[in-house]
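The primary structure of each chain is shown beneath.
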Amino acid sequence: MVNRREWLMGTACLPALRGAAPGPRNVVIASANGLRACTRAMEILQAGGDTLDAVIAGVNINEEDPEDTTVGYGGLPNEEGVVELDASVMHGPTRRCGAVAALRNIKTPSKVARLVMERTDHVMLVGEGALRFAKAHGFKEEDLLTEKARLAWLVWKESLRDRQGHSNWSDGLDAPLKPGAWLRRKFPGVDEATLAWAWEVATNPPTGTINCLALNARGEMSGVTSTSGLAWKIPGRVGDSPLPGAGLWVDQDVGAAGSTGRGEENIRVAGAHTIVENMRRGMSPKEACLDALERVARNFQHDRSRLARFDLVFYALRKDGEYAAASLWNGTIREGKLVPRRFAVNDGAGSRLEPCAFLLERKA
Ligand code: GLY
């Protein structure tokens, strides 16, 4: 028998939320770069903290880490060599959200997004306005471009050639050289591993991001998504991460979802909102993520050669603690080997990586 509240909240067809499943518990999930974020968030949940405090504290680790070149400080810059950050937060219990986009010079955009939620009557601030707002609240401006990210940006700039192999950013004499020799000559002081990484990100611009979702034992949920966005983007480009409904969605009655990967394709299916609504209609987190990915494939008429040019990962955490992640592709090919996609989980027994479900399979 469906009760009046379930009917009104649209959760009537969610069997797991109607008493069959165990009650809520502390669970944090995140993208694969979020192992430390999960650990930090779980510590806060276990101490009785708020779910939004937990996920933001977790994601701050990546935002402040110069080695994570897809988030915050050290993120890969736009085409002009300037780091621009996007982030969104959603707090289930109060049903509020906040976001910033194309924010420069502030290491922790998730904290600014939270302030937009708590200290304004708006949901999203962008660009110069977001920076002024952050400074008004005491954030310090810092140059977010690390030497490593600047090197990768220069390699990208200098790799852009016309049909004759010319570039305004090269001396014009190096065109016949193979990438390895050309790179070594241009950047003599840089080690091989860093050069190989710079060439990889220059020629395959990453859209890495961190998404982190939390549920506590009281059944409260929150989420955050934070990114430096697509490397070498046009200044002002905004991806899915700061867009409520695309990069992040939390519905306190049902669950939470988020995304990493190519934001443009996620925006075109409103991925996170689609997944939460799928769960409301009774799909498991895995089914809900795969259905959203199927919509992405449909947008390309299931043309594998075009779909092969990007990847997208969805993460879902249901209010009863069930969770999943699913990627468009089963993994990435590195040095001829398939590296399967994984995501981070912590349900109280330490952070670990678990395999993502996937829609499409590629072979090494
Ligand atoms: N998902 C991150 C971005 O596309 O900006």
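This section reports on the structure supplied with the text.

The rules behind these values
Residues numbered from 1 in each chain as written. Predicted model: local features only at pLDDT ≥ 70, side-chain atom pairs only at ≥ 80, totals over all residues. Heavy atoms only, no water. Pairing = 2+ DSSP bridges. Helix = DSSP H or I, 4+ residues; strand = E, 2+ residues; numbered from the N terminus. Axes fitted to C-alpha atoms, helices over the stretch in contact; angles between N-to-C directions. Contact = heavy atoms within 4.5 Å. Near = heavy atom within 4 Å. Polar contact = N/O pair within 3.5 Å; in protein donor to acceptor, adjacent residues only side chain to side chain. Areas by Shrake-Rupley, 256 points an atom, 1.4 Å probe, with all protein chains shown as cover. Nonpolar A, V, L, I, M, F, W, Y, C, P; charged D, E, K, R; others polar. Salt bridge = Lys/Arg side-chain N within 4 Å of Asp/Glu carboxyl O. Buried < 20%, exposed > 50% of the residue type's maximum accessible area, 1.4 Å probe, protein only.

**Some details on the sheet that holds strand 4 (residues 124-126)**
The strand order 4-3-2-6-5-1-13-14 describes an open sheet built from eight strands, whose pairing is mixed. One side of each edge strand has no neighbouring strand; the edge strands of this open sheet are strand 4 and strand 14 (351-355). For this sheet, the mean inter-axis angle between neighbouring strands, taken without regard to orientation, is 15°. Its contacts with the sheet put helix 2 (residues 35-46) on strand 1 (27-31), strand 5 (210-215), strand 13 (342-346) and strand 14, and the angle it makes with strand 1 is roughly 160°. Its contacts with the sheet place helix 5 (residues 127-136) against strand 3 (96-103) and strand 4, and it is angled at close to 105° to strand 4.

**As for the site of the ligand**
Looking at the ligand, the residues that line it are Thr207, Thr209, Gly229, Leu230, Arg237, Gly239, Asp240, Ser241, Gly261 and Gly263. A distance of 2.6 Å is found between an oxygen atom of the ligand and a side-chain nitrogen or oxygen belonging to Arg237. With respect to the ligand, the backbone of Gly261 contributes an N or O atom lying 2.6 Å from a nitrogen atom. Compared with its free state, where it exposes 200 Å², the ligand has 100% of that area covered by protein. Tallied by class, the residues present in the shell around the ligand amount to one nonpolar, seven polar and two charged.

**Overview of the pattern of salt bridges**
Applying the stated criterion across every chain, the model contains 28 salt bridges. As a salt-bridge pair, Arg40 and Glu43 come within 3.0 Å of each other at their nearest N and O atoms. On the criterion of helical spacing, the pair formed by Arg40 and Glu43 is a turn pair, its members being three residues apart in helix 2. Taking relative accessible area as the criterion, Arg40 reaches 35% and is therefore assigned partly exposed. When the shortest N-O distance is used, the salt bridge between Arg352 and Asp347 registers 3.0 Å. Put simply, Arg95, Asp251, Asp253, Glu277 and Arg280 are held in one network by salt bridges that share partners.

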